[in-house]
Amino acid sequence: MQTDQSGADANAPSPTSVPMISIKGVNKHFGSLHVLKDIDIEVDRGQVVVVLGPSGSGKSTLCRTINRLEPIDTGTIAIDGELLPDEGKKLAQLRSDVGMLFQSFNLFAHKTILQNVTLAPMKVRKESKDEAHKNAMALLERVGIANQADKYPAQLSGGQQQRVAIARSLAMNPKVMLFDEPTSALDPEMINEVLAVMTSLAEEGMTMVVVTHEMGFARRASNRIIFMADGAIVEDAEPEEFFSKPKSDRAKDFLGKILNH
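All figures in this text were calculated on a predicted structure; none of them were measured in a lab. (Residues numbered from 1 in each chain as written. Predicted model: local features only at pLDDT ≥ 70, side-chain atom pairs only at ≥ 80, totals over all residues. Heavy atoms only, no water.)

### Here's the deal with the UniProt feature "domain: ABC transporter" (unreviewed entry) in the protein chain
- Mapped onto the present numbering, the UniProt feature "domain: ABC transporter" (unreviewed entry) falls at residues 21-255.
- Helix makes up 37% of residues 21-255 and strand 26%, and the two end C-alpha atoms of the span are 27 Å apart. (UniProt positions renumbered as here; feature names shortened; annotations may be inferred. Helix = DSSP H or I, 4+ residues; strand = E, 2+ residues; numbered from the N terminus.)

This is how it looks when you write it as structure tokens:
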């Protein structure tokens, strides 16, 4: 065994060398429709990847396969070096490391905001009530709605509900956050308050995969743009390069339509 000067095994992978998300050779069909075609992506720790593309390009399906909400036909997906199994306890455990936000907020209507945020940490992570409560209040403070803790979801605006959903995901202390068009169901004035929370998460080093139509966020907050069309990755570039010099006709066409309307 080779050792370095400190006596450590020089061949052992450093903890940061393992990608946080590793997707290899992933294919997915819905019946005869081939919705994901040979997808290969690695996302490093702390990286913010925005997935863009026209409707029906496979963006949301890709997002949903990362925590096995959608099963895949072939290929492998690993989170922090651990392969995602198809089902069972191990899958549930790995899933709890991956926070996910959808267009719909999926909050429990009959529970208060505070109860929504404390439920999973107490049940899954076995946190005590006091600990879960303390952490939840800190997270609600962080997303700017600690003063709404005793209200029910229906009493909050859509933007506030989505911020509760972010706090609820963060309460599980996830390694990765997935966002599937989190602002598409919101009124325009509420979009920015949710994007502001997402931008601060990005700045704090959270590993994020974001499917969005918000080009300003994509350009400003991401490290990488993945552009998809017809179930395949067409471009994978830094934001400035993608927005100013897209290589493919599909991307040029997409940006022309999005940025000029």
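### Overview of the packing of helix H3 (residues 113-123) against helix H5 (residues 158-170)
- Closest axis-to-axis distance for the H3/H5 pair is 8 Å, and the angle between their directions is 25 degrees. By the criterion of interaxial angle, the relationship of H3 to H5 is roughly parallel. For H3 against H5, the interelement crossing comes out right-handed. Residues Ile-113, Asn-116 and Val-117 of H3 form the contact with H5, whose participating residues are Val-164, Ala-167 and Arg-168.
- Residues that form the contact of H3 with H5 fall into these classes: 4 nonpolar, 1 polar and 1 charged. (Axes fitted to C-alpha atoms, helices over the stretch in contact; angles between N-to-C directions. Parallel < 35°, antiparallel > 145°, perpendicular 65-115°, else oblique. Left-handed = near helix turned anticlockwise from the far one by under 90°. Contact = heavy atoms within 4.5 Å. Nonpolar A, V, L, I, M, F, W, Y, C, P; charged D, E, K, R; others polar.)

### A closer look at the pairing of strand E4 (residues 74-79)
- Across 5 bridges, the pairing between strand E1 (residues 21-30) and E4 is antiparallel. Note on E4: the bridge partner recorded for Asn-27 is Thr-74.
- Bridging between E4 and strand E5 (residues 82-83) involves 2 bridges; their strand directions are antiparallel. Within the sheet, the bridge partner assigned to Ala-78 lies in E5 and is Leu-83. (Pairing = 2+ DSSP bridges.)

### Some words on the pattern of salt bridges
- Scanning the entire structure with this criterion turns up 12 salt bridges.
- Between Glu-70 and Lys-28 there is a salt bridge whose closest N-O contact spans 3.5 Å. With Glu-70 in the loop between helix H1 (59-65) and E4 and Lys-28 in strand E1, this pair connects stretches of sequence that are 42 residues apart. Considered together, Glu-70 and Lys-28 belong to a single accessibility category, that of buried residues. (Salt bridge = Lys/Arg side-chain N within 4 Å of Asp/Glu carboxyl O. Buried < 20%, exposed > 50% of the residue type's maximum accessible area, 1.4 Å probe, protein only.)

### Considering the sheet that holds strand E10 (residues 232-237)
- Reading across the sheet, the 6 strands line up as E6-E7-E8-E3-E9-E10 and stay open at both edges, with mixed pairing between neighbours. Taken across any chain shown, the strands that pair with only one partner, and hence form the sheet edges, are strand E6 (98-101) and E10. Across the sheet, the mean angle from the axis of one strand to that of its neighbour is 15 degrees, orientation sign disregarded.
- By the bridge criterion, 5 bridges tie strand E7 (residues 176-180) to strand E8 (residues 207-211) in an arrangement that is parallel. Pairing of Val-176 across the sheet is with Thr-207, part of E8.

### Quick notes on the sheet that holds strand E2 (residues 33-43)
- Pairing is antiparallel in the open sheet, where 4 strands are placed in the order E2-E1-E4-E5. Looking at which strands have only one partner, the edges of the open sheet turn out to be E2 and E5.
- For E1 and E2, the ladder comprises 7 bridges, and the chain directions are antiparallel. Looking across to E2, one finds that Phe-30 is bridged to Leu-33.

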